[in-house]
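# Architecture and fold: a report
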There are 2 protein chains.
Amino acid sequence: MAYRKTGKVVAQLEANRTRILDAARALVFAGGFQAASMAAVAAKAGVATGTLYRYFASREALLLDVFRAISDVEMSRLEDIAAGPGLPAARLRDVVHGFASRAVRGARQAYSLLAEPLDGALAEERLAYRRRHAAIFERLIREAQAAGEVAAMDAHVTAAAIAGAIPSALTLHGPDNVPDADALSAAVLRMAGLDPHTDTSSSLEELSHDQSA
Amino acid sequence: MAYRKTGKVVAQLEANRTRILDAARALVFAGGFQAASMAAVAAKAGVATGTLYRYFASREALLLDVFRAISDVEMSRLEDIAAGPGLPAARLRDVVHGFASRAVRGARQAYSLLAEPLDGALAEERLAYRRRHAAIFERLIREAQAAGEVAAMDAHVTAAAIAGAIPSALTLHGPDNVPDADALSAAVLRMAGLDPHTDTSSSLEELSHDQSA
DNA sequence: CCAAACCCTGAACCATGGTTCATTTCATAA
DNA sequence: TTATGAAATGAACCATGGTTCAGGGTTTGG
């Protein structure tokens, strides 16, 4: 036996991987996926470009991990709200409002996740991400319908419309002229036949404060 | 004097330009802007790649012309409906329904115009195109509000949400699983506080039959 | 201290696809 | 028919940016 990865080395490797991912994430945050060229990521992480390929099979694979890391955070927030207590309609309100206000706040990041032109596997991943949004909305709409809280409607289509309305309202206004989150969620909620809530409701507060960067 | 463009030549030049534009348009229709490489356009038009540059300054300029040619057709349809007779709310219904059904029908073309990843000047043009949609919606909403036909709301944001909901509902469903146009426009119209109309209304019929292809 | 296995480096490599331009072809007018 | 200028050609050019790999260093076990 001549070589065996010792604990220290393993830790070092993991640290490197993390450093690379962090560098990529920072670049994406600052300038979108487009700005995260392999050269830029390597420079920011303090390694050579070749090193990146020891940790990720390709640029696409690297950026996919970045996309997932970012989107999972966002996604689980919404899922938490959706799975929380309260009537379906109220949860739907909270989820939509949470999505809207979070997107409005982190407009730059939201742009990368939702609107920046992406190709290949990244485009696929975004589609899946959006579909997960729509699935949450759809389930809540159905629950609300079952509970008689909202009128009859095509839940599937309505959910998809909601999932698209928010991002696009964001991008149409341009990066400097961000829309008001309350007005946005109010408009979107009307699609589900709901009036906006006036109070900035309970479950949101705790969930929408920190980072969003 | 030794040379002067004769009428026949001028006509030939114009014909060439048209042929190139048509070739590009056909490629865009079949496979999106992405598929309209200069080589492909030249081949389809039956000219050499270099020739393209005698008629268009760059690929971007060529595709911009294609985009405008396509989008202008769509745009003026909506504008005609918006400027037509009838109460503001009814026109808003018609415009939204016309947009939705037209997009659902020509899903492939709608994808290129509304959702395909585009860069640079083309992305700008699309943004402008979408904003023109939103502007139409916004004006009608304001008119409807002034006439007391709909409740108070943020017309600007609502219009932007409408403009985005339709394309994204389309893309979320995938190219084979297109949503129902009626359900889609119903959902979207609810954002403006309108119930869907059941009858497939007057002004639409004549305007949504032909090509779209 | 040494050999083996592994990791890092970064300049060279390569694929893609838009753009150019020397050359050829064609239309015009004398 | 021929000189002239315009138009078309298409192979060569080039920019971009992801990917590779031979060379140099580092860690491990003996």
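This section reports on the structure supplied with the text. (Residues numbered from 1 in each chain as written. Chains lettered and ligands numbered in written order. Predicted model: local features only at pLDDT ≥ 70, side-chain atom pairs only at ≥ 80, totals over all residues. Heavy atoms only, no water.)

Chain B puts 31 residues into the contact, and the matching count from chain A is 31 residues. At the junction of chain B with chain A, the criterion picks out zero salt bridges. Counting across the interface, chain B meets chain A through ten residue pairs in polar contact (both at pLDDT 80 or more). Put simply, the parts of the chain that give the side of chain B that touches chain A at least two residues each are helix 7 (120-146), helix 8 (155-172) and helix 9 (181-191) of chain B. (Contact = heavy atoms within 4.5 Å. Salt bridge = Lys/Arg side-chain N within 4 Å of Asp/Glu carboxyl O. Polar contact = N/O pair within 3.5 Å; in protein donor to acceptor, adjacent residues only side chain to side chain. Helix = DSSP H or I, 4+ residues; strand = E, 2+ residues; numbered from the N terminus.)

Residues and elements named next belong to chain A. Throughout the structure, instances matching the rule amount to 18 salt bridges over all chains. The closest approach of N and O atoms between glutamate 143 and arginine 139, which form a salt bridge, is 3.1 Å. Pair noted here: glutamate 143 and arginine 139 are both in helix 7 (residues 120-146), with a separation of four residues, about one helical turn.

This brings us to the packing of aromatic side chains. Residue and element names in this part refer to chain A. With the rule as written, the count across this model stands at six aromatic pairs over all chains. Centre to centre, the rings of phenylalanine 33 and phenylalanine 67 are 5.8 Å apart; their planes meet at 20 degrees, and the pair counts as stacked. Pair noted here: phenylalanine 33 is in the loop between helix 1 (7-31) and helix 2 (38-45) and phenylalanine 67 is in helix 4 (residues 59-83), with a separation of 34 residues, a long-range link. The two residues phenylalanine 33 and phenylalanine 67 agree in class, both being buried. The structure contains a cluster of three or more aromatic residues connected by ring pairs, namely Phe33, Phe67 and Tyr129. (Phe/Tyr/Trp six-rings, centres within 6.5 Å; stacked < 30°, edge-to-face > 60°. Buried < 20%, exposed > 50% of the residue type's maximum accessible area, 1.4 Å probe, protein only.)

With that settled, the discussion passes to the relation of the copies chain B and chain A. Under the fitted operation, chain B is carried onto chain A by 0.0 Å of movement along the axis and a turn of 180 degrees, and the coordinates agree to an RMSD of 0.0 Å. Taken together, the rotation angle and the small translation identify this as a two-fold axis. When you check the interface residues of chain B against chain A, 100% turn up at the interface there too, and the contact is symmetric in its surfaces. (Least-squares fit on C-alpha atoms with pLDDT ≥ 70 in both.)

So, on to the environment of alanine 83 of chain B. Residues and elements named next belong to chain B. In this structure, alanine 83 sits in helix 4 (residues 59-83). Residue alanine 83 is classed as exposed on the basis of its relative accessible area, which comes to 61%. On a C-alpha basis, the gap between alanine 83 and alanine 128 in space is 20 Å, while along the polypeptide they are 45 residues apart.

Look at helix 4 of chain A: 35 Å from first C-alpha to last across 25 residues, which is about the 36 Å you get at 1.5 Å a residue. Where helix 4 of chain A bends most, the angle comes to about 25 degrees, and this point is serine 71 of chain A. (Expected span 1.5 Å × (residues − 1). Bend = angle between axes of the 7 residues up to and from the residue.)

Okay, the environment of aspartate 182 of chain A next. Of note, aspartate 182 of chain A is situated in helix 9 (residues 181-191). The sequence separation of aspartate 182 of chain A and methionine 153 of chain A amounts to 29 residues, and the corresponding C-alpha distance is 24 Å.

On to the nonpolar core. Ranked by internal contacts, the top residues of the largest apolar core, which has 136 residues, are Leu62, Leu92 and Phe137 of chain A together with Leu62, Leu92 and Phe137 of chain B. Setting aside anything within four residues of it in sequence, one finds leucine 62 of chain B in contact with Ile20, Leu21, Ala24, Met38, Val41 and Phe56 of chain B. (Core = buried A, V, L, I, M, F, W, Y, C linked by side-chain atoms within 4.5 Å.)

Right, let's talk about a negative patch on the surface for a bit. Taken together, the side chains of Glu60 and Asp119 of chain A together with Glu60 and Asp119 of chain B define an acidic patch exposed on the protein surface. Of note, glutamate 60 of chain A is situated in helix 4. (Patch = residues over 30% accessible without salt bridge, like charges linked within 9 Å, V, L, I, M, F, W, Y side chains within 5 Å. Areas by Shrake-Rupley, 256 points an atom, 1.4 Å probe, with all protein chains shown as cover. Lys, Arg positive; Asp, Glu negative; His and termini not counted. Charge placed at Lys NZ, Arg CZ, Asp CG, Glu CD.)

What follows deals with helix 8 (residues 155-172) of chain A. Residues and elements named next belong to chain A. Given a rise of 1.5 Å per residue, 18 residues ought to cover 26 Å, and the 25 Å separating the end C-alpha atoms of helix 8 matches this to within 8%. Counting buried positions over the 18 residues of helix 8 gives 16, a clear majority of the element. The residue sitting at the N-terminus of helix 8 and contributing the capping side-chain oxygen is aspartate 154; that oxygen lies 3.1 Å from the backbone nitrogen of histidine 156. Looking one or two places after helix 8, you find glycine 174, whose phi comes out positive at around 85 degrees.

Residues and elements named next belong to chain A. The N-to-C vectors of helix 8 and helix 9 enclose an angle of 160 degrees; their axes lie 9 Å apart at closest approach. The angle between the axes of helix 8 and helix 9 places the two elements in the roughly antiparallel class. The crossing of helix 8 and helix 9 is right-handed. Facing helix 8, whose interface residues are Thr158, Ala161, Ile162, Ala165, Ile166 and Ala169, helix 9 presents Leu184, Val188 and Met191. In the contact of helix 8 with helix 9, the residues fall into eight nonpolar, one polar and no charged. (Axes fitted to C-alpha atoms, helices over the stretch in contact; angles between N-to-C directions. Parallel < 35°, antiparallel > 145°, perpendicular 65-115°, else oblique. Left-handed = near helix turned anticlockwise from the far one by under 90°. Nonpolar A, V, L, I, M, F, W, Y, C, P; charged D, E, K, R; others polar.)

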